[in-house]
Amino acid sequence: LVPPALIANLRHNDSLHEDVVFLSVVTADVPHVMPAARESVVHHDLGFHELEMRYGFQDQHSLAADLEGLVVDDLSFDPNSTTYFLGREHIESASTPGMSTWRDRLYVILLRNASDPATAFGLPPSRTIDIGTHVEL
């Protein structure tokens, strides 16, 4: 499944980067994950890579710092040239049948009050781009 942020970026810029890393952050059911066991990577053709970063539920997420020192095969991250694209869904309450209206509105309010993912994951604001899609409940 291709992330909507990649599709939106491709449509807008009409180009694709040489290396594309799909990064997933997984919170483990343990308090801490040792740094040596934190990452796993799968390489695909044409410069696509899947990277999974695992953290314990008490670990601080510092993706930029963790990625800066990471070298997996020939994949590395230069903090001065790495750009982070975050996919965001902008949820809106719709008038179509589905959940109760009060539940729709409550979910929208909770989502708007959630913390900023770039801050929560320790990503530098100057190197982070949010790409959003609108979803109606």
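Scroll up a little and you will see the structure.
Our subject in this report is the structure included herewith. All values reported here derive from a predicted model rather than from experimental measurement.

What follows concerns the nonpolar core. Of all hydrophobic cores here, the largest spans 14 residues; its most connected members are L51, M53, L67, L70, F77 and L123. Counting only elements with at least two residues in this core, the list comes to β3 (48-55), α2 (63-68) and β6 (84-92). When near neighbours in sequence (up to four residues on either side) are disregarded, L51 contacts V21, F22, L23, S24, E39, S40, V41, L67, L70 and F77.

What follows is about the packing of aromatic side chains. Applying the stated criterion across every chain, the model contains 1 aromatic pair. Consider the rings of F22 and F48, whose centres lie 5.9 Å apart with planes at 5°: the pair is stacked. One end of the pair, F22, is in strand β1 (residues 20-27); the other, F48, is in strand β3, and 26 residues separate them in sequence. Since its relative accessible area comes to 24%, F22 is described here as partly exposed.

Before going further, it helps to examine the layout of surface pockets. Size it by volume and the largest pocket reaches roughly 1,300 Å³. In terms of lining, the largest pocket is formed by 43 residues, of which the most central are V21, F22, L23, T83 and F85. At the level of elements, α1 (4-13), β1, β2 (39-43), β3, α2, β5 (75-76), β6 and β7 (128-136) are the ones that each hand at least two residues to the lining of the largest pocket. Looking at the lining of the largest pocket residue by residue, the class counts come to 25 nonpolar, 11 polar and 7 charged. Volume-wise, the second largest pocket comes out at about 300 Å³. Looking at the second largest pocket, it is lined by 14 residues, and the ones nearest its centre are R88, E89, H90, L111 and R112. Breaking the lining of the second largest pocket down by element, the ones donating at least two residues are β6 and α3 (101-112). Per-element accounting of the lining of the second largest pocket gives the leading share, 6 residues, to β6.

Thresholds, definitions, all that
Residues numbered from 1 in each chain as written. Predicted model: local features only at pLDDT ≥ 70, side-chain atom pairs only at ≥ 80, totals over all residues. Heavy atoms only, no water. Core = buried A, V, L, I, M, F, W, Y, C linked by side-chain atoms within 4.5 Å. Buried < 20%, exposed > 50% of the residue type's maximum accessible area, 1.4 Å probe, protein only. Helix = DSSP H or I, 4+ residues; strand = E, 2+ residues; numbered from the N terminus. Contact = heavy atoms within 4.5 Å. Phe/Tyr/Trp six-rings, centres within 6.5 Å; stacked < 30°, edge-to-face > 60°. 1 Å grid on protein atoms, 1.4 Å probe; cavity = no way out; pocket = protein on both sides within 12 Å on 5 of 7 lines; lining within 4 Å. Points joined across faces, edges and corners; volume = space filled by probe spheres on them. Nonpolar A, V, L, I, M, F, W, Y, C, P; charged D, E, K, R; others polar.

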